[in-house]
Amino acid sequence: MEAFDDENPFDIESDQIPSETSSPSNVDISEPPSPPLNPSRQLSSEILGTERPFPSQESKRPQQHPNFKTDFCCARDRILHSGDDIEILITDAQKTNVGATSPYITYVIQTGNTESRHRYSEFESLRSSLVKLYPTLIVPPIPSKQTLGDYAVKQGKAKEDASMIARRKRMLQTFLNRLAKHPILSNEHVFHRFLDGEVSWTEVLNSPPLSLLPKNILKAPSHNPTDQEASPAYAALPNPSAAHPLRNPDQRFLDSEAFTNKFAVHLSGPMEKVTRRTVKRWSEFAQDHAELGAALNGFSLNENGPLSSAIEKTGQAVDATYMSTTKLAQELEQNWAEPINEYAQFSSIIKKLLAYRHQKHVQYEMTQDGLESKREQLEELEKSEHEARRLEAALGGRSTVSLPSSPSGEDTEGQSNNQAHSASYVPPHPGPNPTRRTARPPGMGFLNALSYTLHGMMDVDPETARRNGISKTRENISQLEDALHLAAQDLKYSSSTIQADLDRFQRQKVADIREMTISMAKSHRDWCKKNLEAWEEAKKEIDMIPDHPNKLPPPPEPSPSIRRDSTATLNGK
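Residues numbered from 1 in each chain as written. Predicted model: local features only at pLDDT ≥ 70, side-chain atom pairs only at ≥ 80, totals over all residues. Heavy atoms only, no water.

*Asks:* Please provide a residue-by-residue account of the overall build of the protein chain, values included.
*Replies:* Helix and strand counts for the protein chain stand at 13 helices and three strands. Residues counted as buried form 39% of the 573 residues belonging to the protein chain. In the protein chain, of all internal contacts separated by at least 6 residues, the share reaching a separation of at least 24 is 74%. Looking at the protein chain as shown, the accessible area adds up to about 33600 Å², and 54% of this sits on carbon and sulfur atoms. (Helix = DSSP H or I, 4+ residues; strand = E, 2+ residues; numbered from the N terminus. Buried < 20%, exposed > 50% of the residue type's maximum accessible area, 1.4 Å probe, protein only. Contact = heavy atoms within 4.5 Å. Areas by Shrake-Rupley, 256 points an atom, 1.4 Å probe, with all protein chains shown as cover.)

Okay, structure coming up:
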């Protein structure tokens, strides 16, 4: 396990040097500077410094209290950032059918003096909205939906299963508290409105900023996908696949991806399976003791005297073991199994976050390639234009396209035109219609449209097409240059922000695993203490049972003052 921890790329010592590709100085970002960030989206100076490259060299420094500020947007914001350790509670889960044709479970959320009610699907939409608003942050997970197997086994009662509802209550409460403690997400007004019981969630989903979210966040600013003043050059950015390879990958994030995959294998593989099996066996052990205790208590009624009391006390000790084991199994489920499952979900979230950053890097490289290709195309077109002008000057400045003046001069001029065009001909593309084409009368239907299209393809002047191509290519180059600048800014912002949140997540993970192990140790200690007390009481009652009448009394122990020789031992004296 030590070797596994040593490979953790989220925990960087201050003397480690980032790879060459991870240095922001290698990203070609020219003026103007990066666009200003929304204040609610900025990481604190402790998390994201302005003078140091990622990875963070100060990731281990103690942080100031993240939930304290003086500028509030609403009452919930004031409660969350008052400086106190405010805990959001889910106090109840109630069955209702308000606003729906079928009943559902609504969860009662208490934040300070504010109470709100939301169903599971609204928690789901809150999380998906935050993921789109903050594509470079680790948004905490919510408990997964019921599987098809659960619905098949419980025949429509899966949504009303008490254990499932209790589990969702705990994990949804953890989700809300993780949002409240996040240095960025806790400032989001959408989250504040979710906690407000007087606001309709449907209204929130259909109002800014959620209504301004683009369909494709890869073609929107990383720092603020809902920015309505974003450059139109974002539309020129490609839409790469997450599997597209990189020419110059960042080793820092390759290490992060490798560690995340290994972390996920450890959690979702043996760790989660063994934990689930352990909890199941403890639960079965408790159930066996429940049946054994009932049997012993019933058996004690058939006996009299000290034996009856001893059997009854033994049955009570078995009952105590049943209760303490049931509590142990519940604590293992809540304080160990559920956090393990949550961190398995965290690993999937981090994979998606790294995939987003990978796509942004691919987007930058593809834009670079497209720009270089357009520049080469422009260079070829300009060479063709220069050659055409040189030939035109050599031919005495005659027009490259001349109308026939007489039948006798038609062949001569045609040969001259063919010679002039042979060196400068470029395949035609749709351009403006030649002015000499006469308008055709309407009413010819499909044949008229087909003839119009064919003439548009054949009558294009190569010189006009070439010059239009040069103009269009220059426009494309200008647009790609703007797009490359935006892609570079997004890559730099995404890399630094994702790395900062990975460092924060690493500190959170260490603290959570520490609490998980301490909680497990306390649960086993309490289980041992309760069972020891119960069985010591049972032993006292058992010792009061008289000896068996046919049992020989124990031989007296020899006095230490009398010394026996070997002869006396052989004779039995």
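There's more to say after this.
*Asks:* For the packing of helix α8 (residues 251–300) against helix α9 (residues 305–394), give the residues involved together with the corresponding values.
*Replies:* Viewed as axis vectors pointing N to C, α8 and α9 meet at an angle of 165 degrees, and their least axial separation amounts to 7 Å. Taken together, the axes of α8 and α9 lie roughly antiparallel to each other. Viewed along their axes, α8 and α9 form a crossing whose handedness is left-handed. Along the lines of polarity and charge, the residues of the contact of α8 with α9 split into 27 nonpolar, 19 polar and seven charged. (Axes fitted to C-alpha atoms, helices over the stretch in contact; angles between N-to-C directions. Parallel < 35°, antiparallel > 145°, perpendicular 65-115°, else oblique. Left-handed = near helix turned anticlockwise from the far one by under 90°. Nonpolar A, V, L, I, M, F, W, Y, C, P; charged D, E, K, R; others polar.)

*Asks:* Let's hear about the packing of aromatic side chains: which residues, and what values?
*Replies:* Inspection of the entire model under this criterion finds nine aromatic pairs. Plain terms: the ring middles of Trp282 and Phe285 are 5.8 Å apart, the flat faces sit at 90 degrees to each other, and that makes the pair edge-to-face. Of this pair, Trp282 and Phe285 both sit in helix α8, three residues apart, roughly one helical turn. Phe285 gets classed as partly exposed once you look at its relative accessible area, which sits at 32%. Seen in terms of ring centroids, Phe346 and Phe505 are 5.1 Å apart; in terms of plane orientation they differ by 55 degrees. Their pairing is tilted. Taken as a pair, Phe346 in helix α9 and Phe505 in helix α12 (residues 462–543) lie far apart in primary sequence, 159 residues in all. For Phe346, a relative accessible area of 2% translates into the label buried. (Phe/Tyr/Trp six-rings, centres within 6.5 Å; stacked < 30°, edge-to-face > 60°.)

*Asks:* Lay out the sheet that holds strand β3 (residues 114–119) with the relevant residues and their values.
*Replies:* An order of β1-β2-β3 is seen for the three strands of this open sheet, with the pairing classed as antiparallel. Of all strands in the sheet, those with a lone pairing partner are β1 (89–96) and β3, marking the two edges. In this sheet, neighbouring strand axes are inclined to one another by 25 degrees on average, regardless of whether the strands run parallel or antiparallel. Examined bridge by bridge, β1 and strand β2 (residues 104–111) share seven bridges and lie antiparallel to one another. (Pairing = 2+ DSSP bridges.)

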